[in-house]
Amino acid sequence: MPIDKNKAGIKALQHVVVLMMENRSFDHMLGGLKARNPKIDGLTGNEWNPDTTGTMVKVQPLAEYQSQLDPDPNHHFAAVNQQIFGDPSNGPPLQPSMQGFVKSYFNQQQDVAHSGEILYYFAPEKLPVLTTLATEFAVFNRWFSSIPGPTICNRAFAHYGTSFGQVSMNMFYVGKQYKSIYERLLATKPKHTCKLYYYDEASSTMEVVNLLQNQPSLFGTFSDFLNACDQNALPEYSFLEPNYTDHDALDGSGEAIACDQHPDHDVRAGEQFIATVYNRIRQNSKLWPNTALLVVYDEHGGIYDHVSPPACTPDGFSATPADTGTHEGFNFDRLGVRVPAILVSPWVEKGSVIEEVFEHACIPGSITEFLLGSYAARSPREIASSNFLSYLSLDAMRADNDIPNFALD
Amino acid sequence: MEPIRVPGPSPTAFHKNRRISDLLLSQIRHFQHVAEKRSLKINREIARDVHTEGGAARYIAVVTRALRKGVPSTAAKLVPVGGSKTKPGKAGTVTRIAAAAKEPRSGRSKERGSAQRAAAKKAKRVPVPAVATAGKKSKSRTASRRKAGSNVSTKTKPRKRKA
C-alpha cells in the first residue's frame, strides 16, 4: 500500500526511526499474544515439530531470558532449508511445512531434550515492552526476513533493498547499481538528513566494509541518538543498531551489556534498550507527534515460527549452490522466516494488526517514497514492497493519556 | 496510563568472556579485512585476542576509531540511558555512555571496488582463533552455565551496567 501524503499523520511526519534487533522469530517473542487477541497470528499451543525419535514436540511458553539457546541455533541457508522444508539440501518444490526446527537444532548437540527448546516461546508478561508496543500500536502479522539465512545479508536489505546476491555473512563489497538509502538521501539538494547509530565504538556496526569504511560520517553512537532526541535534532531518518557484545564500557564506567537479544544474550537488556528508545521519543512533546518508530528483527535466528514464508518478487540476483551450501541455487524469489515487527506512532490506530506482507526491502523503499518520491534505481524487491508508513492512518493523534510509558527497573 | 515496569537483566547476565558467536566472528572478519586493506597498525595483542566478546569489542573499538578519525563527535557529554530526561530512573539504574573524544581530522581513501568473492577469500585467510559457531557442536550447556557462573564469582567489585 503506498502512502497517502494527504493523511494527517504523514503530513505531520518529520522523523522515522528504525531499530533493528537480532535473531528472534515472531512466534518466539509475540506468539503468546494470540491468546489475548486472536487476530494476532501467534500460537494456539497445538503447534508441534517431530524430534529425531519421531516424537511430537509441542510449543510451550517456557522461553527463558538467557541460557536456553546455547549453542546459538544454526540459521545459515541450509539449516533454514531444513527448518522450513525438512531437508537441508533442498527447497521448493518441497512444501514449506515448518516442521524441521527441532531436528535442525538437534544437529548441534545431539541432545534430544534440548532440541525441543527451539519451540519455546515467551509468555507475554515476560516481555512487557515488546508485547505492550505490539498491542498498543501496530503489529505486523506478515513481516518476514528478506532471506532464509543469517544476519548480514538480511541487514543489507534494510540498507540497500537487496543483498546483491549474497545469502551469507561474506558480504564484503556491494554492487554499484543500487545506492544505500543513506547515499540516496544525502545526494539530494538540499540534503536530507540521516544517521546510522551504532551503540558504541566497541559494538560498532555490521555495515563495516561499505558504509563505515567509506562514509564514516554517516555514523553516530547511541549517546548521539539520545542527545539528538533531547536537542530536537533528530535526522529525518535514523537507523539504530543495538549493542552486540558484553564489554567493558569504553569510559571505564562499568559494564556495557549486549542488548541485541541475539542468543545467548539476556533478552531483558534488549527490552530495556527498546524502552529507552521509545521513552526518549515519547517523552519529548516536540518529537512524539512527528516521529514514527519501527522495531523489527533482522531474522529468526533458527527459532521456531509456524507461518510458511511466501514467494516474493525475484531480486534479479542469483546465488549458486556453493553459496547456499545446498544442492540448489537461489533466485531470491522467496522470503525468510517471519520476524517481530511493530510500528509505533500516535497516528497509528491502537491494537492494529497488519496482514499485508512486508520484508526488509520495504525499509529503504518506504523512506525513499516518503522523502524522495519516485526513484528508479532500486532493486525489484524494493520497488515491489509496500510502505509501512501507510499505517499512520488516523485522522487525529491519539490522546496522550492513552499512550503507554515504561519505567526501567 | 500507569508506567509499565521493565525488569533489567540478571546480575549474572554479563559475560564478557563468552566466546564470540558466528555473527561476531563475521563482524571481526570484516574489520580485519578493512584493517588489512588500509594497513592500520593495530596492537598485536588486541588484534589477536578476539575470541571472546570482551576481546572482540576491544579490537572493534580500535578499528572503528581509526576509521572514524576526523569525524566530529556530538557525544560531548555523558548521557543517561535508562529512565528519561524528565523522569530519571533510580540512581542505580541510570547508567552512562562514555563521551567520545574529539579526534584529529585526517584524509579518507576511496573505495577501490575489489571483487566481493576475492575479498571474502582474502579475509578468510586472516587467522581468527577457533570459536564455537552455529552448526558446530559446542560445549555442554551445563559447562557453559558453570563457566558463566565462575566468571561472575571472580568479579572483585560491583560495576555499573548500561542497558
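Residues numbered from 1 in each chain as written. Chains lettered and ligands numbered in written order. Predicted model: local features only at pLDDT ≥ 70, side-chain atom pairs only at ≥ 80, totals over all residues.

Topic: the overall build of chain A
Counting secondary structure elements, chain A contains 14 helices and 15 strands. Against the compact-globule benchmark of 22 Å for 409 residues, chain A has a radius of gyration of 20 Å, which places it among compact chains. Considered along the principal axes of its C-alpha atoms, chain A spans approximately 60 × 45 × 45 Å. The proportion of buried residues among the 409 residues of chain A is 62%. Counting contacts in chain A only where the partners sit at least 6 residues apart, residues at least 24 apart contribute 72% of the total. (Helix = DSSP H or I, 4+ residues; strand = E, 2+ residues; numbered from the N terminus. Rg over C-alpha atoms; globule rule 2.2 N^0.38 Å. Buried ≥ 20, exposed ≤ 12 C-beta atoms within 10 Å, placed from the backbone. Contact = placed C-beta atoms within 7 Å.)

A look at the overall build of chain B
When its secondary structure is counted, chain B shows five helices and two strands. N-terminal to C-terminal, the α/β element order of chain B is β-α-α-α-α-α-β. The buried share of chain B, reckoned over its 163 residues, is 37%. Across chain B, every contact between residues at least 6 apart in sequence was considered, and the portion connecting residues at least 24 apart equals 69%.

Quick look at the sheet that holds strand β12 (residues 341-344) of chain A
All names here are of chain A. The eight strands lie next to each other as β7-β6-β8-β1-β11-β12-β4-β13, forming an open sheet whose pairing is mixed. Of all strands in the sheet, those bounded by a partner on one side alone are β7 (219-221) and β13 (352-354). Sheet twist, expressed as the average angle between the axes of neighbouring strands with direction ignored, equals 20 degrees. One ladder, built from four bridges, connects strand β11 (residues 291-297) with β12; its direction is antiparallel. Looking across to β12, one finds that Val295 is bridged to Ile342. Across the sheet, helix α10 (residues 222-230) is in contact with β6 (194-198), β7 and β8 (237-240); its angle to β7 comes to roughly 85 degrees. (Pairing = 2+ DSSP bridges. Axes fitted to C-alpha atoms, helices over the stretch in contact; angles between N-to-C directions.)

A few points about unusual backbone geometry
Residue and element names in this part refer to chain A. Pro92 connects to Pro93 through a cis peptide bond whose omega is 15 degrees. On the secondary structure map, Pro93 appears in the loop between α3 (77-85) and α4 (101-109). With an omega dihedral of -5 degrees, the bond running from Lys189 to Pro190 counts as a cis peptide bond. In this structure, Pro190 sits in the loop between α8 (181-186) and β6. Positive phi, normally seen in glycine, also occurs at Gln110, with a value near 50 degrees. Tracing the backbone shows Gln110 in the loop between α4 and α5 (112-115).

Some points on the confidence of the model for chain B
Low-pLDDT portions of the prediction should not be read for the details of their coordinates. Residue and element names in this part refer to chain B. Per-residue pLDDT for chain B has a mean of 62; in total, 44% of the residues score no lower than 70. Looking over chain B, one finds the lowest element-wise mean pLDDT in helix α5 (residues 141-153), namely 33, and the highest in strand β1 (residues 4-6), namely 98. Note that residues 75-117 has pLDDT below 50 and, in this model, 82 contacts with residues that lie over four places away or in other chains. Note on residues 122-159: pLDDT under 50 across the span, and 51 contacts to partners over four residues away in sequence or across chains. Scored by ipTM, the complex comes to 0.95, with pTM at 0.87. (pLDDT = per-residue confidence, 0-100.)

Describing the environment of Ser26(B)
Relative to the helices and strands, Ser26(B) resides in helix α1 (residues 22-37). The residues touching Ser26(B), leaving out its near neighbours within four places in the chain, are Ile152(A) and Met169(A).

Things to note about helix α3 (residues 53-67) of chain B
Compared with the 21 Å implied by 1.5 Å per residue over 15 residues, the 21 Å span of α3(B) between its first and last C-alpha is a close match. The buried fraction of α3(B) amounts to 12 of the 15 residues, a majority that puts the element mostly inside the structure. Among all positions of α3(B), only Glu53(B), Gly54(B), Gly55(B), Ala56(B), Ala57(B), Arg58(B), Tyr59(B), Ile60(B), Val62(B), Val63(B), Thr64(B) and Leu67(B) are buried. Its buried side turned inward, α3(B) meets α9 (208-214) and β9 (247-248) of chain A together with α1 and α2 (44-48) of chain B. (Expected span 1.5 Å × (residues − 1).)

Brief notes about the pairing of β6(A)
All names here are of chain A. When you tally the buried positions in β6, you get five out of five residues, the bulk of the element. In β6, alternate side chains face the same way, and those of Cys194, Leu196 and Tyr198 on one face and Lys195 and Tyr197 on the other are all buried. As paired elements, β6 and β7 share three bridges and run parallel to each other. Of the residues in β7, the one forming a bridge with Tyr198 is Thr221.

Structural notes on the environment of Pro61(A)
Inspection of the secondary structure assignment puts Pro61(A) in the loop between β3 (56-58) and α3. Contacts of Pro61(A), omitting those with residues within four sequence positions, involve Gly32(A), Tyr121(A), Phe122(A) and Ala123(A).

Things to note about the nonpolar core
By size, the foremost hydrophobic cluster in this structure holds 147 residues, and its most contacted members are Val18(A), Leu19(A), Val295(A), Ile342(A) and Leu343(A). When near neighbours in sequence (up to four residues on either side) are disregarded, Leu343(A) contacts Phe137(A), Ala138(A), Ala292(A), Leu294(A), Val348(A), Phe388(A) and Tyr391(A). (Core = buried A, V, L, I, M, F, W, Y, C linked by C-beta atoms within 7 Å.)

Describing the pairing of strand β1 (residues 15-21) of chain A
Residue and element names in this part refer to chain A. For β1, the buried fraction is high: six of the seven residues fall into the buried class. Relative to β11, β1 is paired through seven bridges, and the arrangement is parallel. Looking at β11, one finds that His15 is bridged to Thr291. Relative to β8, β1 runs parallel, the two sharing four bridges. Across the sheet, Val16 pairs through a bridge with Tyr237, a residue of β8.

Considerations on helix α7 (residues 151-160) of chain A
Residues and elements named next belong to chain A. Extensive coverage of α7 is indicated by the burial of 10 of its 10 residues. Within the sequence span of α7, burial applies to Thr151, Ile152, Cys153, Asn154, Arg155, Ala156, Phe157, Ala158, His159 and Tyr160. Positive phi shows up at Gly161, right after α7, with a value of about 80 degrees.

Brief notes about the packing of α1(B) against α3(B)
Residues and elements named next belong to chain B. Where α1 contacts α3, the two axes come as close as 10 Å, and the packing angle between them is 35 degrees. When the axes of α1 and α3 are compared, the crossing they make is left-handed. From α1, Leu24, Gln27, Ile28, Phe31, Val34 and Ala35 reach across to α3, where they touch Glu53, Ala56, Tyr59, Ile60, Val63 and Leu67. (Left-handed = near helix turned anticlockwise from the far one by under 90°.)

Digging into the packing of α3(A) against α4(A)
Residue and element names in this part refer to chain A. Contact geometry for α3 and α4: axes closest at 7 Å, N-to-C directions at 140 degrees. Counting all contacts with α3, which are made through Ala79, Gln82 and Gln83, the residues of α4 involved are Phe101, Lys103 and Ser104. When grouped by side-chain class, the residues that make up the contact of α3 with α4 number two nonpolar, three polar and one charged. (Nonpolar A, V, L, I, M, F, W, Y, C, P; charged D, E, K, R; others polar.)

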